[in-house]
Amino acid sequence: MPGTEAPVGAQKWVPPRPASIADLKAAAAGCQGCELYENATQTVFGRGAEHARIVFVGEQPGDVEDQHGLPFVGPAGRLLREAVDDAGIDPADLYITNAVKHFRFELRGKRRIHQTPGPAHIVACRPWVVAEFALLKPELVVLLGATAGKALLGPSFRVTQQRGRLLPWPASAQHPEDFPVAEIQAMATIHPSAVLRADNRDIAYGGLVDDLKVAAAAVYGKPS
């Protein structure tokens, strides 16, 4: 039965010596490392500056992202752009990607309802994330939500406990050797979609901006 097999992982599709993010994106279009490719419209790869000082890692593409082939172009993406501006982060310094590159959903009538990626999907897609970081040389990685935190820090990560704190990365990961990149910093915050679901959006949005101000200060220096 399709989709019941254990994920084989993305490593088979990752080019051994990619010259650019564009090379990775082209290769990822054919990825069949887990069953999510069967129902998703397309692979949604990262985008932004290859010289980015800050890398944002989210969970997975949503319905709008799956249709457009770009991360964070739906309602959560619009909110994130506002928060980035309010935190004083230059969008030209950003690269934005997701821990899982295909949309996981269930059909309810004609609607595609988001489903959180499972641990197997995170592990299967990790080679793409590792390959992205091997080409990017950021100063800071911002983890948006629990799935991104688990992907880069390990399954014990809890966003409610660790948000807004600067951590050494990949030293703080469960298996630092999985990420052969130079030591930088990581900081977790809530996913912007959590703001959209919050009972009090103003408070939730303010918390997101406050966390991103910590990221801005870490990269640009303390505000005067």
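Please refer to the structure placed before this passage.
What you see is a predicted model; the values in this text were computed from it and never measured.

## Comments concerning the pattern of salt bridges
Piece 1. One pass over the full model with this rule turns up 7 salt bridges.
Piece 2. Across the pair Arg126 and Asp178 runs a salt bridge whose closest N-O atoms are separated by 3.1 Å. Pair noted here: Arg126 is in helix α4 (residues 119-135) and Asp178 is in the loop between β7 (166-169) and β8 (184-189), with a separation of 52 residues, a long-range link.
Piece 3. A network of salt bridges, in which partner residues are shared, links Asp63, Asp66 and Arg112.

## Thoughts on the sheet that holds β8
Piece 1. Taken together, the 6 strands give an open sheet; going across it, the order is β1-β3-β2-β6-β8-β7, and neighbouring strands pair in mixed fashion. Each having just a single partner strand, β1 (47-48) and β7 make up the two edges of the open sheet.
Piece 2. Across 4 bridges, β7 lies against β8 in antiparallel orientation. Of the residues in β8, the one forming a bridge with Pro168 is Gln185.
Piece 3. Of the strands in this sheet, β2 (54-58), β3 (94-98), β6 (140-144) and β7 touch α4, which is tilted by about 170° from β3.
Piece 4. In the packing of helix α8 (residues 201-220) onto the sheet, the strands contacted are β2, β6, β7 and β8, and the crossing angle to β8 comes to about 170°.

## Notes on unusual backbone geometry
Piece 1. With an omega of 10°, the peptide bond between Trp169 and Pro170 qualifies as cis.
Piece 2. Here Pro170 lies in the loop between β7 and β8.
Piece 3. The backbone of Phe72 shows a phi angle near 55°, a positive value even though the residue is not glycine.
Piece 4. Position of Phe72 among the secondary structure elements: in the loop between α2 (63-68) and α3 (75-87).

## Comments concerning the pairing of strand β5 (residues 111-114)
Piece 1. Bridging between strand β4 (residues 105-108) and β5 involves 4 bridges; their strand directions are antiparallel. For Glu106, the partnering residue across the bridge sits in β5 and is Ile113.
Piece 2. Taking the residues between adjacent antiparallel strands as the criterion, β4 and β5 are bridged by 2 residues, where Gly109 takes a positive phi near 65°.

## So, the packing of aromatic side chains
Piece 1. Enumeration according to the criterion identifies 4 aromatic pairs in this entry.
Piece 2. Between Phe45 and Trp128 the ring centres are 5.8 Å apart and the planes differ by 90°, which places this aromatic pair in the edge-to-face class. Here Phe45 is found in the loop between α1 (21-28) and β1, whereas its partner Trp128 is found in helix α4, with 83 residues between them in sequence.
Piece 3. Using a relative accessible area of 1% as the deciding quantity, one classes Trp128 as buried.
Piece 4. When the centroid spacing of 5.0 Å and the interplanar angle of 55° are considered together, the rings of Phe133 and Trp169 count as tilted. Remark: Trp169 occurs in strand β7 and Phe133 occurs in helix α4; sequence separation between them is 36 residues.
Piece 5. The exposure class assigned to Phe133 is buried, which follows from its relative accessible area of 3%.
Piece 6. An aromatic cluster is defined as three or more aromatic residues linked by ring pairs; in this entry it consists of Phe133, Trp169 and Phe179.
Piece 7. It is Lys101 that lies over the ring of Phe45; its NZ or CZ is 5.1 Å from the centre.
Piece 8. Directly above the aromatic system of Phe105 lies the positively charged group of Arg112, at a separation of 4.8 Å from the ring centroid.

## As for α4
At 3.6 residues per turn, the α-helix brings residues three or four places apart onto the same side.
Piece 1. Taking 1.5 Å per residue as the helical rise, α4 with its 17 residues ought to reach 24 Å, and the 25 Å between its terminal C-alpha atoms agrees with that figure.
Piece 2. Along its length, α4 shows its largest kink, about 40°, at Arg126, and proline Pro127 lies within four residues downstream of that point.
Piece 3. Residues His121, Ile122, Ala124, Cys125, Pro127, Trp128, Val129, Val130, Ala131, Glu132 and Phe133 constitute the buried set of α4.
Piece 4. Of the surrounding secondary structure, the elements contacted by the buried residues of α4 are α1, β2, β3, β6, α5 (146-153) and β7.

## Considering the nonpolar core
Piece 1. If you look at the biggest cluster of nonpolar residues, it comprises 40 residues, and the most contacted ones within it are Val57, Trp128, Phe133, Val141, Leu143, Leu152 and Trp169.
Piece 2. At the level of elements, α1, β2, α4, β6, α5, β7 and β8 are the ones that each hand at least two residues to this core.
Piece 3. With 8 residues, the top contributor of residues to this core is α4.
Piece 4. When residues no more than four places from it in sequence are discounted, the contact partners of Trp128 are Ala10, Trp13, Val14, Pro15, Leu24, Ala27, Ala28, Cys31, Phe45 and Lys101.
Piece 5. By size, the runner-up hydrophobic cluster in this structure holds 25 residues, among which are Ala83, Leu208, Leu212 and Ala216.

Each value, and the rule that gives it
- Going along each chain's sequence as written, the residues are numbered from 1 onward.
- At least 70 in pLDDT is required for a residue's local features to be given in this predicted model, at least 80 for side-chain atom pairs to be given and counted, and no such filter applies to totals for whole chains, interfaces and linings, which use all residues.
- The side-chain quantities take in all heavy atoms of the structure and omit both hydrogens and water.
- Each reported salt bridge corresponds to a side-chain nitrogen of Lys or Arg within 4 Å of a carboxyl oxygen of Asp or Glu.
- Secondary structure elements follow DSSP: runs of H or I of four or more residues count as helices, runs of E of two or more count as strands, with numbering from the N terminus.
- When DSSP finds two or more bridges between two strands, those strands count as paired.
- Here, residues are in contact when the closest pair of their heavy atoms is within 4.5 Å.
- Fitted lines through C-alpha atoms serve as axes, helices being fitted only where they are in contact, and the angles separating the N-to-C directions of these axes extend from 0 to 180 degrees.
- Stacked, tilted and edge-to-face are the three classes applied to pairs of Phe, Tyr and Trp rings, where Trp contributes its six-membered ring and a pair requires centres within 6.5 Å; stacked means planes under 30 degrees apart, edge-to-face means over 60, and tilted covers the rest.
- Accessible area is worked out with a 1.4 Å probe on protein chains only. A residue is then buried under 20% of its type maximum, exposed over 50%, and partly exposed in between.
- Lysine NZ or arginine CZ positioned within 6 Å of the ring centre and within 35 degrees of the ring normal marks a charge as sitting over the ring.
- In this analysis, the expected span of each helix is defined as 1.5 Å times one less than the number of residues it contains.
- To get the bend at a residue, fit one axis to the 7 residues ending there and another to the 7 starting there, then take the angle between the axes.
- We call a set of buried Ala, Val, Leu, Ile, Met, Phe, Trp, Tyr and Cys residues a nonpolar core when their side-chain atoms join them within 4.5 Å.

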